[in-house]
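Summary of structural features
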Amino acid sequence: MKTAVRRSVAVVSVGAALLLSGACSFDFSLGAVSVDSGTVAEVVETQLTAELGQSPGDVTCPENLPAEVGAEIRCELDTGGEVYGVTVTATSVEGTDVNFDILVDEQPMG
């Protein structure tokens, strides 16, 4: 599987609070109509680690990301002390390439 990352990042940080927007692109198998939730979580975690220089915690996504422009799923980032919501939005789909933005909530989940 090929993973290419384009970044457009703004980080606002107070303690563990993160605001990150980036675009990620990777291949999925032909005929798939979504990107596996585990793959999305792995790419989000890798992107956050690359941007911050260390792992911010574990990312889990409860559902697959539909391979449709504008499709959106919510994931969770567990920092070990707090849990933040993460919005993943598909921005383009070209053949087997899916690009998406990552946005981490500024405040932990209630």
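Everything below is about the structure shown above.
Residues numbered from 1 in each chain as written. Predicted model: local features only at pLDDT ≥ 70, side-chain atom pairs only at ≥ 80, totals over all residues. Heavy atoms only, no water.

1. Structural notes on the nonpolar core
In this structure, Val40, Val44, Val59, Leu65, Val86 and Val88 are the most contacted members of the largest nonpolar core, which totals 22 residues. When residues of this core are traced back to their parent elements, those giving at least two are helix H1 (37-52), strand E6 (72-78), strand E7 (83-94) and strand E8 (97-104). No other element matches the five residues that H1 contributes to this core. (Core = buried A, V, L, I, M, F, W, Y, C linked by side-chain atoms within 4.5 Å. Buried < 20%, exposed > 50% of the residue type's maximum accessible area, 1.4 Å probe, protein only. Helix = DSSP H or I, 4+ residues; strand = E, 2+ residues; numbered from the N terminus.)

2. Let's talk about the side chain of Ser92
Of note, Ser92 is situated in strand E7. Looking at Ser92, its side chain comes within polar contact range of the side chain of Asn99, at 2.5 Å. Once residues within four sequence positions are removed from consideration, Ser92 is found in contact with Val69, Asp97, Val98 and Asn99. (Polar contact = N/O pair within 3.5 Å; in protein donor to acceptor, adjacent residues only side chain to side chain. Contact = heavy atoms within 4.5 Å.)

3. Description of the state of the cysteines
One pass over the full model with this rule turns up one disulfide. The side chain of Cys61 participates in a disulfide bridge whose partner is Cys75; the two sulfur atoms lie 2.1 Å from each other. The disulfide joining Cys61 to Cys75 has a torsion of about 105 degrees about its S-S bond and is therefore right-handed. A residue pair is termed long-range when its members are at least 10 positions apart, and Cys61 in the loop between strand E4 (58-60) and strand E5 (65-66) and Cys75 in strand E6 qualify at 14 residues. (Disulfide = S-S within 2.5 Å.)

4. Observations concerning the pairing of E7
Across seven bridges, E6 lies against E7 in antiparallel orientation. If you follow Arg74 over to E7, its bridge partner there is Thr87. Counting the residues that bridge the hairpin from E6 to E7 gives four residues, and of these Gly80 lies at a positive phi of roughly 95 degrees. (Pairing = 2+ DSSP bridges.)

5. Looking at the environment of Ala41
By secondary structure assignment, the location of Ala41 is in helix H1. Residue Ala41 is classed as buried on the basis of its relative accessible area, which comes to 8%. Ala41 sits 45 residues away from Val86 along the chain, and the two C-alpha atoms are 9.9 Å apart. Not counting chain neighbours up to four residues away, the residues in contact with Ala41 comprise Val59, Thr60 and Cys61.

6. Considerations on the pattern of salt bridges
Scanning the entire structure with this criterion turns up one salt bridge. Asp105 is paired through a salt bridge with Arg74; the nearest N and O atoms lie 2.8 Å apart. Taken together, the residues Asp105 in the segment after E8 and Arg74 in strand E6 connect sequence positions 31 residues apart. With relative accessibility at 36%, the residue Arg74 sits in the partly exposed group. (Salt bridge = Lys/Arg side-chain N within 4 Å of Asp/Glu carboxyl O.)

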